[in-house]
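A closer look at the structure
Below are the chains, spelled out letter by letter.
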Amino acid sequence: MAPALLAEGNFGCRSQRGERRESPAMADRMTSRAPRSSHPDAAQKTLCRSPFLSIKFFVFCHGLLQLSQLLVSGYLKSSISTIERRYGLSSQTSGLLASFNEVGNTLLIVFLSYLGSRVHRPRLIGCGALLVSLAGFLMALPHFLTGPYRYDQSVPSTFSNSTDLCQRGAPGPWANLSDGSCTPHASRESHEVLLVMFVAQALLGIGGVPIQPFGISYIDDFASERNSPLYLGILFSVTVIGPGVAFMLGSAMLRFYVDIDKVSAAEVQLTNKDPRWVGAWWLGFLVAASLVALSALPYFFFPREMPKEVVRGKDRDSKKRVDVLRQLRPRSEHMESLSLMEFIRRFPVVLLRNLRHPVYLLVVLAQVNLSAMVAGLATFMGKFLERQFSLTASLANMIIGAVNIPGAMVGIVVGGAILKRFQMSLRQCSALCVLGMLLCLLTAFPLLFLGCPTQRVAGVTYWDSSGLGAQDTDCSAQCHCSQRGFNPICGSDGVEYISPCSAGCSDVSIHPDGSILNYTGCSCIAGLGRAGSAWPGTCGTACSHLFVPFVVLSCLAGILASISHTPSFMLILRSIQPEDKSFAVGIQFMLLRVLAWMPGPVLYGSAIDTSCLLWERRCERRAACRYYDNTLFRQRYLGLQFFFEVGAFLCFGAVYLILSKQEREARQAQQEKAEPEKEKLAGNSLKSPESKV
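Residues numbered from 1 in each chain as written. Predicted model: local features only at pLDDT ≥ 70, side-chain atom pairs only at ≥ 80, totals over all residues. Heavy atoms only, no water.

A short note on the side chain of Ser 78
Mapped onto the fold, Ser 78 is located in helix H4 (residues 55–78). At 2.6 Å, the side chain of Ser 78 and the backbone oxygen of Tyr 75 are in polar contact. For Ser 78, the residues in contact, after removing those within four places along its chain, are Ala 246, Phe 247, Gly 250, Leu 254 and Asn 397. (Helix = DSSP H or I, 4+ residues; strand = E, 2+ residues; numbered from the N terminus. Polar contact = N/O pair within 3.5 Å; in protein donor to acceptor, adjacent residues only side chain to side chain. Contact = heavy atoms within 4.5 Å.)

This is the structure in structure tokens:
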């Protein structure tokens with residue numbers, strides 16, 4: 001992005017004739033708005049003095065800021081399953097946490113169009129960015145407030161002298177760690193962690209309010225009419241790329257152990273493939289928050305207004321190209337004439353007028369369905385891939401960041417290219433949306449059946465012929481196993497056990513590097529005339545061959561759904577009154593936040609929780625889910641996706657029918673108007689002398 005913006009050399013310092021002129025008057029007016037400068041060479045000289053008077057440098061800074069902001073907001077979604085495991089959160093709670101930033105955003109976004117250019121926009125952007133940076137640091141704070149991550153283990157170490165092997169006889173000092181993990185401090189700690197994270201998310205939403213809208217309006221005001229679409233296109237591309245970069249950052253950070261700053265590598269007896277593994281989720285927040293803080297600094301040096309960018313000899317056809325762009329610009333002059341009370345009084349009137357417009361309402365409802373689908377998928381897709389296909393959190397994030405999000409970007413570009421190539425009418429735009437959603441439904445439907453069965457877990461999803469769970473049989477009754485222990489092992493019989501103790505394993509073989517090779521003497525695992533053996537880790541779902549087809553189909557469905565993005569936006573802009581455009585777009589984004597981005601992750605999280613088979617218990621409360629019914633998980637998670645896609649398809653279909661009817665009525669009215677004129681012309685021709693010949 002930087003070479004593209006800086007390629008014209010010193011931000012356009014060289015004048016057209018290579019001359020430099022002195023203009024003291026311009027120095028006094030260099031912070032005043034100059035949309036039509038009568039001294040272009042002097043303006044160029046002023047731009048050479050400071051990069052903060054160049055709109056190109058502002059675009060460069062704003063691209064970095066938007067990317068950094070999206071790293072903070074998107075990184076939470078990439079690490080949501082890890083945070084659940086670390087602090088014992090349900091999917092419903094984590095979904096509420098992921099959507100809580102929309103609360104602060106929604107409360108303030110309504111008044112953003114009122115402020116317009118009344119305020120010092122660059123400084124307000126800088127202040128908002130500092131709030132976002134603070135939110136990122138607060139998100140990482142729980143790691144430093146809480147003690148080291150504790151997990152059940154079989155080999156005593158300096159970290160803990162506990163073991164989860166079968167200890168026959170009365171429980172003693174070697175009893176399992178989980179039984180004594182609940183203390184008053186631990187109970188209070190979990191509430192403090194949630195409080196800090198929710199406050200951080202609220203600050204993230206408030207800080208993000210001015211960044212994109214004020215940045216876009218500032219660029220549109222002071223960029224040349226020829227370059228403004230290019231600059232805005234760069235920023236919109238960053239908003240699409242940003243979440244992908246956030247998931248790639250999550251993929252990199254979750255490879256490190258969570259307590260990398262508290263314990264040495266020799267004390268960690270886990271690998272990133274272990275179901276107890278917790279990655280360094282907090283590290284990405286520190287990186288992203290630091291980038292936001294650095295990106296915020298230049299905004300305090302930009303002026304409130306800067307000279308209008310001048311591009312010579314290249315603006316001949318610019319007026320034709322910017323007619324649509326002018327319609328999209330906020331009517332700042334008109335907005336500034338309104339007082340706050342007039343703005344508040346007018347807002348409900350404009351809201352009701354637009355909501356009574358059937359095309360506008362139906363398109364917004366279609367976008368609400370699609371946004372709710374995207375909000376849930378983006379939040380929990382990593383967790384879904386981990387559970388369905390036994391992937392590590394790092395690999396799941398890499399797939400999302402490298403495949404799914406770029407696929408959505410391709411769909412948006414294709415939709416815009418089709419619009420530009422065929423110059424579509426409103427009815428044709430709606431037809432393109434209907435076609436894209438229909439193909440998306442056909443592609444997404446097989447995903448409901450493309451998944452893995454639930455693994456056999458003793459006492460959870462699998463029982464022996466006696467009908468009793470492994471934990472209830474005599475084979476482990478003498479072991480005094482903790483009901484809360486969790487250290488999955490895979491038995492030689494292909495059955496998974498939630499801990500070595502529940503499998504009756506009494507011995508463990510250790511590799512010279514400290515890692516566990518296998519467990520032996522497992523009385524609950526059937527062997528050839530002797531006790532069976534087991535290996536550390538989960539047995540997995542054993543259907544890795546379905547992973548690639550699933551990723552391909554889900555990516556294709558995302559591309560097809562994204563094709564409707566640009567046509568639906570054009571349907572909104574062209575179907576409402578010109579004076580209501582800025583209000584209508586603001587109302588649109590407000591409704592998307594209230595009806596989609598806020599409830600979407602919570603709805604998905606609640607649906608996921610209903611498919612849980614075994615919950616972790618912490619201090620007599622339900623914590624994170626340890627085992628899911630994979631079939632129910634897939635049906636409810638992807639079923640919600642299919643439900644929202646059907647809703648969007650029906651809304652777009654209704655829009656197409658309405659526009660087709662309006663088009664027919666307009667054509668009939670035109671024909672009825674033309675018939676009297678034809679009859680009049682025919683009558684005149686009969687009366688003319690030539691007609692008698």
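Focus on the state of the cysteines
In the structure shown here, the tally under the stated rule is five disulfides. At a sulfur-sulfur separation of 2.1 Å, the disulfide partner of Cys 481 is Cys 501. Looking down the S-S bond of the Cys 481 and Cys 501 bridge, the torsion is -95°, so its handedness is left-handed. Of this pair, Cys 481 sits in the loop between helix H21 (474–477) and strand S1 (489–491) while Cys 501 is found in the loop between strand S2 (496–497) and strand S3 (507–510), placing the two residues 20 residues apart along the sequence. Across the pair, exposure class does not vary: Cys 481 and Cys 501 are buried alike. Cys 429 supplies the cysteine sulfur nearest to Cys 433, a cysteine that is in no disulfide, at a spacing of 6.9 Å. Owing to a relative accessible area of 0%, Cys 433 belongs among the buried residues under this scheme. (Disulfide = S-S within 2.5 Å. Buried < 20%, exposed > 50% of the residue type's maximum accessible area, 1.4 Å probe, protein only.)

Here's the deal with the sheet that holds S3
Note on sheets: strands pair through backbone hydrogen bonds, and any given pair is parallel or antiparallel. The five strands are arranged S2-S1-S5-S4-S3 in an open sheet whose pairing can be described as antiparallel. Looking along the sheet, the strands with just one partner apiece sit at the ends: S2 and S3. (Pairing = 2+ DSSP bridges.)

What about the nonpolar core?
Residues Phe 384, Leu 385, Phe 389, Phe 550, Tyr 604, Tyr 637 and Phe 652 are the most contacted members of the largest nonpolar core, which totals 77 residues. Element by element, the count of residues in this core is highest for helix H18 (residues 358–389), at 16 residues. By size, the runner-up hydrophobic cluster in this structure holds 62 residues, among which are Phe 58, Ile 80, Leu 204 and Leu 235. (Core = buried A, V, L, I, M, F, W, Y, C linked by side-chain atoms within 4.5 Å.)

Points about the packing of aromatic side chains
Scanning the entire structure with this criterion turns up 30 aromatic pairs. The interplanar angle of 70° and the centroid separation of 5.4 Å between the aromatic rings of Phe 144 and Trp 282 together place this pair among those described as edge-to-face. On the criterion of sequence distance, the pair formed by Phe 144 in helix H9 (residues 121–145) and Trp 282 in helix H13 (residues 281–296) is long-range, its members being 138 residues apart. Of the residues examined, Phe 144 reaches a relative accessible area of 44% and is grouped as partly exposed. These aromatic residues form a ring-pair network of at least three members: Phe 384, Phe 389, Phe 547, Phe 550, Tyr 604, Tyr 628, Phe 633, Tyr 637, Phe 643 and Phe 644. In this structure, Arg 421 is placed above the aromatic ring of Phe 422, and the distance from its NZ or CZ to the ring centre is 5.3 Å. The side chain of Arg 622 reaches across the aromatic face of Trp 615, ending 3.9 Å from its centre. (Phe/Tyr/Trp six-rings, centres within 6.5 Å; stacked < 30°, edge-to-face > 60°. Lys NZ or Arg CZ within 6 Å of the ring centre and 35° of its normal.)

With respect to the pairing of strand S4 (residues 516–522)
Sheet analysis places S3 next to S4, joined by four bridges and oriented antiparallel. Across the sheet, Val 508 pairs through a bridge with Tyr 519, a residue of S4.

Structural notes on the environment of Tyr 462
Mapping Tyr 462 onto the fold places it in the loop between helix H20 (426–444) and H21. Tyr 462 sits in the partly exposed class, given a relative accessible area of 30%. Residues Tyr 462 and Tyr 497 lie 35 residues apart in sequence; the distance between their C-alpha atoms is 9.9 Å. Setting aside chain neighbours within four positions, we find Tyr 462 in contact with Arg 456, Val 457 and Val 495.

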